[in-house]
Amino acid sequence: MSTLTAPFRPQALATPPPEPKANYLNVSYGVKSWLLTTDHKRIALLYLVSVTLMFFVGGAAATLIRVNLLTPAGSLVTADTYNKLFSAHGIIMVFFFLVPVVPTVLGNFLLPMMIGARDLAFPRLNLLSWYAYMAGATLILWVIFSGGVDTGWTFYTPFSSKSSHASVIPAMLAIVIGGFSGIFTGLNFVVTVHRLRAPGLTWFRLPLFVWSLYATSIILLLATPVLAMTLILVAVERVWGIGIFDPALGGDPLLFQHLFWFYSHPAVYIMILPGMGIVSEIIPCFSRKNIFGYKFVAFASIGIAVLGFLVWAHHMFVAGQSRFAAMIFSFLSYLVAVPSAIKVFNWTATLYKGSITYHTPMLFALGFIGLFTLGGLTGLMLAALGLNVHVHDTYFIIAHFHFIMVGGMVMAYMAGLHYWWPKITGRLYPEGWGRLAALIVFIGFILTFSPQFVLGYLGMPRRYHAYAQEFQVLNVLSTAGASILAVGYLLPLIYLIWSLRYGKKAGDNPWDATGLEWQSPSPPPPDNFAEPPVVTCGPYEYALGPGVRSQESGVKIPETEVHNV
Amino acid sequence: MSEIANTSSQSAQVAPPPGSLWHHFENLEHQNEATTLGMWVFLATELLIFGALFAGYAAYRSWYPAAFEAASGRLNLLIGGINTVVLLTSSLTMVLAVRAAQLGSLRALVTLLILTSLLGTVFLALKAVEYYTDYLDNLVPGLAFNPEEWRQVHVNPAHVQLFLVFYYVMTGLHAVHLTFGIVIMAVLAVMAWRRAFTPEHHTAVEMWGLYWHFVDIVWIFLLPLLYLIATRKTLM
Amino acid sequence: MSGPTFQRKTYYYVFGALIALTVLTVGISFLDLGQWHIAAGLTIAVCKAGFVILFFMHLLHSRPLTWLILGTGLFWLAILLALTLSDYVTRHLGAY
């Protein structure tokens, strides 16, 4: 067995070493070698292409929404088309972008490398998971372009089960199929983390990105099946005209909402946890400091996953559930903020007295911390029953979740994409353009979504294609911001693709980061490592300087017993 | 005292059947552990799929006890009971099949896998008969249902229909899972006959055995929750 | 993984217990237990499921991680059932 120990940090080289003969990109050519690959790195790239495409389709829907909202009469599109636009935007962004993006793109690529494995536990299942995603994505695109669905991404009954004339069943089927993609990915990750860690890689030496992926996988596995079943029940009701959500039978529309949100609230944690994991990797690297409170951050990930399952009915405070249940869920919703706050404190403490540099990943990560915190604080406001009644179904809610999902999650994804781009492609992106894009995204975001908090508080309802005259100024500001935000997203699309051909060649470790993934060439060889690494210290030993390896005090590293738990 | 089919030192010495060891695992035992673990994780997700139905059922049962109890009493317990025994027997044949695989008893393995698959098919056949008797008994909302007969016993027919929808969806979902299992068992039987399994490497049999037992356990709960929630007057 | 299993005898005994419990659960359904039918039926079902899991699915011989996975699934199922029901059994007390 190899004695390549980690982490070792190579001296900074004036010129990067010559690329090894075969990496995962050039080891084989041809469409079949990509469409039938079982290499987790290639599958990650397949996902990158598909998920990016979906992002821009969802973004196009958002563009039309924002343009329509420039005028109070909202006459760019009819009310019915508007319903289909926000439904398309929500469905695509939630189910086909935010939920899959980081686990399937960055997670698939990095998880095996971060734990010193040659692949995920079930490579063929991984490929199947991509095909399931593609099937779902193709179907939903067909639905949208052939007439659309108008129920909102939330599919509330009885409109979705009885009255809507749109393609509800195909839309739900697309989501169910896409959901299976997530279940397979989660299953793969859980078994991989338990069984394929390199020798010496104990649980508390895992990178925090791995912890966050593990927590995300738990949620994927336990929540998605409930969504699948619930949507199937709506389909049963539509097809046979008889069902369990039908008020005429004594059925309760709230039952749909309970079952739907049992998935969909944990789903928001599926979306954010990997982003938090990315930030936990980037902050230490660009502060040249060990993460503050590693175990707290690790356990906070698990805490978020567990507590996230206990709060779903805070989406239903005005729907008609019992007062008693509402109070329980309100209380639990306050609790779920605690582990997120712990993470924010720990990132901040990591930055404190760090040696900070402002490369693009760091800019995006810092933006994440600020915007996620603001969005999260408004979440606490929403957990209060009294306030929630006032702002439910207004733009306050929209601003709240866009702060977290766009200001938070999408920025974290951008951070991770830029951070690991050299590893994935072997090229450096142009740093100046990257920083400019980060700045534009930040400014555009603030301008787009801050007015929406005010709009919501003043009473503008969501999902309305027209609105009262007094709201116009804020809406125009928001649309202006959206156009800036769009530029901010298009820029990386251009310069990242440009860098594939013209970018400077990256060495193994351009950021001088710790972590097993950086001990391998960029791009990595098909089997990730020349020989399996052996781990002897924690994941963020930045303070020790190059070439120094720490030893756990007094603990002998067991060579073989890694496959234990 | 248990029979030891294999020890890990044995599997380290025997060469795996060609193509069965994946490149990213150290050895076959490691791979088999991971695969079995994967199936357990999958079964946990299946718990939640059925769980959604159980949650809805529990909600309405708490609201409409009278209607649910009245409807439950009309289900065909004779077939339901026989089917329970059929499925339990199939679980026995399944676990004996796993044992046969561990011991390398080829003929027993094939026979038991076929038996398991067959018993599952018997279940489905009886289930189809049961659905037919339900149809004849006016227990199919939207197709064959008589609201008057329920009003006459002071039970809300709408709530009875809720119960029945759950009955068909839950047993239907179970039947779909069972069908999948039946096909898998048949495929495994063919593979076993073609000597695909050895005492060191028969994970597929163990793995799908776990799945089969899970399907059995779902039925173990469906029986009392659908058929036995009130004092039964008749068997069918 | 292929490891120690139970004797054939054990499987037959467990099977016998399963059949006996089935007969029991069907039998008592004809008695007048009032509100207790569901509790009785579920108790027996849990016993039967326990037998299948411990013996037929070899949980008794499995590593702790397997127990953890099963426990986690069951715990989550309990969350789903308990919190959903918390709304339904208290709805009559007053809703928003």
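Residues numbered from 1 in each chain as written. Chains lettered and ligands numbered in written order. Predicted model: local features only at pLDDT ≥ 70, side-chain atom pairs only at ≥ 80, totals over all residues. Heavy atoms only, no water.

## Some words on the overall build of chain C
Here is step 1: A count of helices and strands for chain C gives 3 helices and 0 strands.
Here is step 2: Along the chain direction, N to C, the helices and strands of chain C fall in the order α-α-α.
Here is step 3: Relative to the 2.2 N^0.38 estimate, which gives 12 Å for 96 residues, the radius of gyration of chain C is 18 Å and therefore markedly larger than a compact globule would have.
Here is step 4: Structurally, chain C occupies a C-alpha span of about 55 × 40 × 10 Å along its principal axes. (Helix = DSSP H or I, 4+ residues; strand = E, 2+ residues; numbered from the N terminus. Rg over C-alpha atoms; globule rule 2.2 N^0.38 Å.)

## Things to note about the nonpolar core
Here is step 1: Formed by 292 residues in total, the largest nonpolar core has its most connected members in Phe96, Phe155, Tyr413, Tyr419 and Trp420 of chain A.
Here is step 2: Top element by residues in this core is helix H8 (residues 208-240) of chain A. It accounts for 22 residues.
Here is step 3: When residues are assigned to domains, this core turns out to be shared by domain 1 (1-62) and domain 2 (63-96) of chain C, each giving three or more.
Here is step 4: The contact partners of Phe96 of chain A, leaving out residues within four places of it in the chain, are Val51, Met54, Ile91, Tyr133, Gly136, Ala137, Ile140, Ala174, Ile175 and Gly178 of chain A.
Here is step 5: Core analysis: the second largest hydrophobic core is formed by 14 residues, Tyr82, Leu85, Tyr395 and Phe471 of chain A among them. (Core = buried A, V, L, I, M, F, W, Y, C linked by side-chain atoms within 4.5 Å. Buried < 20%, exposed > 50% of the residue type's maximum accessible area, 1.4 Å probe, protein only. Domains from an automatic or database assignment. Contact = heavy atoms within 4.5 Å.)

## A look at the side chain of Ser499 of chain A
All names here are of chain A.
Here is step 1: The residue Ser499 is located in helix H16 (residues 472-502) in this model.
Here is step 2: The class of Ser499 is buried, set by a relative accessible area of 0%.
Here is step 3: Residues contacting Ser499, with those up to four places away along its chain left out, are Trp421, Arg427, Leu428, Tyr429 and Pro430.

## Concerning the packing of helix H14 (residues 395-425) of chain A against helix H15 (residues 431-458) of chain A
Residues and elements named next belong to chain A.
Here is step 1: Where H14 meets H15, the axes come as close as 7 Å, and the angle between the chain directions of the two elements is 160°. The angle between the axes of H14 and H15 places the two elements in the roughly antiparallel class. When the axes of H14 and H15 are compared, the crossing they make is left-handed. Counting all contacts with H14, which are made through Tyr395, Phe396, Ile398, Ala399, His400, His402, Phe403, Val406, Gly407 and Met411, the residues of H15 involved are Val441, Phe442, Phe445, Phe449, Ser450, Gln452, Phe453, Leu455, Gly456 and Tyr457. (Axes fitted to C-alpha atoms, helices over the stretch in contact; angles between N-to-C directions. Parallel < 35°, antiparallel > 145°, perpendicular 65-115°, else oblique. Left-handed = near helix turned anticlockwise from the far one by under 90°.)

## Some details on the domain arrangement of chain C
Residues and elements named next belong to chain C.
Here is step 1: When its domains are assigned, chain C resolves into domain 1 (1-62) and domain 2 (63-96).
Here is step 2: When each unit is reduced to the centre of its C-alpha atoms, the spacing between domain 1 and domain 2 is 23 Å.
Here is step 3: Counting residues at the interface gives 7 residues for domain 1 and 5 residues for domain 2.
Here is step 4: In total, domain 1 and domain 2 occlude about 440 Å² of area from one another, counting both sides; carbon and sulfur atoms represent 74% of this.
Here is step 5: For the pair domain 1 and domain 2, the interface holds 0 salt bridges.
Here is step 6: On the surface where domain 1 and domain 2 come into contact, there are 1 residue pair in polar contact (both at pLDDT 80 or more).
Here is step 7: Of the residues in the side of domain 1 that touches domain 2, the class split is 5 nonpolar, 2 polar and no charged. (Buried area = accessible area lost by both parts, 1.4 Å probe. Salt bridge = Lys/Arg side-chain N within 4 Å of Asp/Glu carboxyl O. Polar contact = N/O pair within 3.5 Å; in protein donor to acceptor, adjacent residues only side chain to side chain. Nonpolar A, V, L, I, M, F, W, Y, C, P; charged D, E, K, R; others polar.)

## Concerning the pattern of salt bridges
Here is step 1: According to the stated counting rule, one finds 14 salt bridges over all chains in the structure shown.
Here is step 2: Close ionic contact of Arg61 of chain B with Glu69 of chain B constitutes a salt bridge, the shortest N to O distance being 3.5 Å.
Here is step 3: Taking relative accessible area as the criterion, Arg61 of chain B reaches 15% and is therefore assigned buried.
Here is step 4: A salt bridge links Asp87 of chain C to Arg91 of chain C; the nearest nitrogen and oxygen atoms lie 2.8 Å apart. Grouping residues by exposure puts Asp87 of chain C and Arg91 of chain C together as buried.
Here is step 5: Taken together, the shared-partner salt bridges in this structure form one network comprising Arg195 of chain A, Glu33 of chain B together with Arg63 of chain C.

## Examining the confidence of the model for chain A
Residues and elements named next belong to chain A.
Here is step 1: In the predicted model, chain A carries a mean pLDDT of 91, and the fraction of residues at 70 or more is 92%.
Here is step 2: Confidence over residues 1-14 falls short of pLDDT 50; this stretch has 34 contacts with residues more than four positions distant or in other chains.
Here is step 3: Every residue in residues 546-565 scores below 50 in pLDDT, and together they form 34 contacts with partners more than four places removed in sequence or on other chains. (pLDDT = per-residue confidence, 0-100.)

## Observations regarding the interface of chain B and chain C
Here is step 1: On the side of chain C, 52 residues touch chain B, which itself brings 60 residues to the contact.
Here is step 2: Between chain B and chain C the total buried area reaches about 4700 Å² when both faces are included, carbon and sulfur atoms providing 76% of it.
Here is step 3: On the surface where chain B and chain C come into contact, there are 1 salt bridge.
Here is step 4: Where chain B packs against chain C, one counts 5 residue pairs in polar contact (both at pLDDT 80 or more).
Here is step 5: Contributing elements (two or more residues each) for the side of chain B that touches chain C: helix H2 (28-63), helix H4 (77-103) and helix H8 (203-227) of chain B.
Here is step 6: Considering each element in turn, the side of chain B that touches chain C owes the most residues, 20 residues, to H2 of chain B.
Here is step 7: Each residue belonging to the side of chain B that touches chain C can be placed in one class, and the counts come to 36 nonpolar, 14 polar and 10 charged.

## What to know about the interface of chain A and chain B
Here is step 1: Contact residues are listed per partner, giving 35 residues for chain A and 34 residues for chain B.
Here is step 2: When chain A packs against chain B, close to 3000 Å² is buried across both sides, 76% of that on carbon and sulfur atoms.
Here is step 3: At the junction of chain A with chain B, the criterion picks out 1 salt bridge.
Here is step 4: Its salt-bridge partner being Glu33 of chain B, residue Arg195 of chain A comes within 3.1 Å of it at the nearest N-O pair.

## Section: the packing of aromatic side chains
Here is step 1: For the structure shown, the criterion picks out 66 aromatic pairs over all chains.
Here is step 2: Three or more aromatic residues link up through ring pairs in this structure, and these residues are Phe95, Trp153, Tyr156, Phe245, Phe256, Phe260, Trp261 and Tyr263 of chain A.
Here is step 3: A cation sits over an aromatic face here: Arg42 of chain A above Trp34 of chain A, 4.3 Å from the ring centre.
Here is step 4: Between Arg91 of chain C and the ring centre of Tyr88 of chain C, over which it is positioned, the NZ or CZ distance is 4.9 Å. (Phe/Tyr/Trp six-rings, centres within 6.5 Å; stacked < 30°, edge-to-face > 60°. Lys NZ or Arg CZ within 6 Å of the ring centre and 35° of its normal.)

## As for the environment of Val318 of chain A
Residue and element names in this part refer to chain A.
Here is step 1: Positionally, Val318 belongs in the loop between helix H10 (294-307) and helix H11 (323-351).
Here is step 2: With relative accessibility at 38%, the residue Val318 sits in the partly exposed group.
Here is step 3: Along the chain, Val318 and Asp393 lie 75 residues apart, while their C-alpha atoms are 9.6 Å from each other.

## What about unusual backbone geometry?
Residue and element names in this part refer to chain A.
Here is step 1: For the bond running from Thr157 to Pro158, omega is -5°, close enough to zero to count as cis.
Here is step 2: Summarising the element assignment, Pro158 is placed in the loop between helix H5 (123-145) and helix H6 (159-163).
Here is step 3: The amide bond that connects Ser522 to the next residue, Pro523, takes the cis arrangement and shows omega of -10°.
Here is step 4: Looking at where Pro523 falls in the secondary structure, it is placed in the loop between H16 and strand S2 (534-535).
Here is step 5: Although it is not a glycine, Asp512 adopts a positive phi angle of roughly 55°.

## Concerning the state of the cysteines
Residue and element names in this part refer to chain A.
Here is step 1: Evaluated as defined, the whole model comprises 0 disulfides over all chains.
Here is step 2: Left unpaired, Cys537 is separated from the closest cysteine sulfur, that of Cys285, by 15 Å.
Here is step 3: The exposure class of Cys537 is buried, given its relative accessible area of 4%. (Disulfide = S-S within 2.5 Å.)

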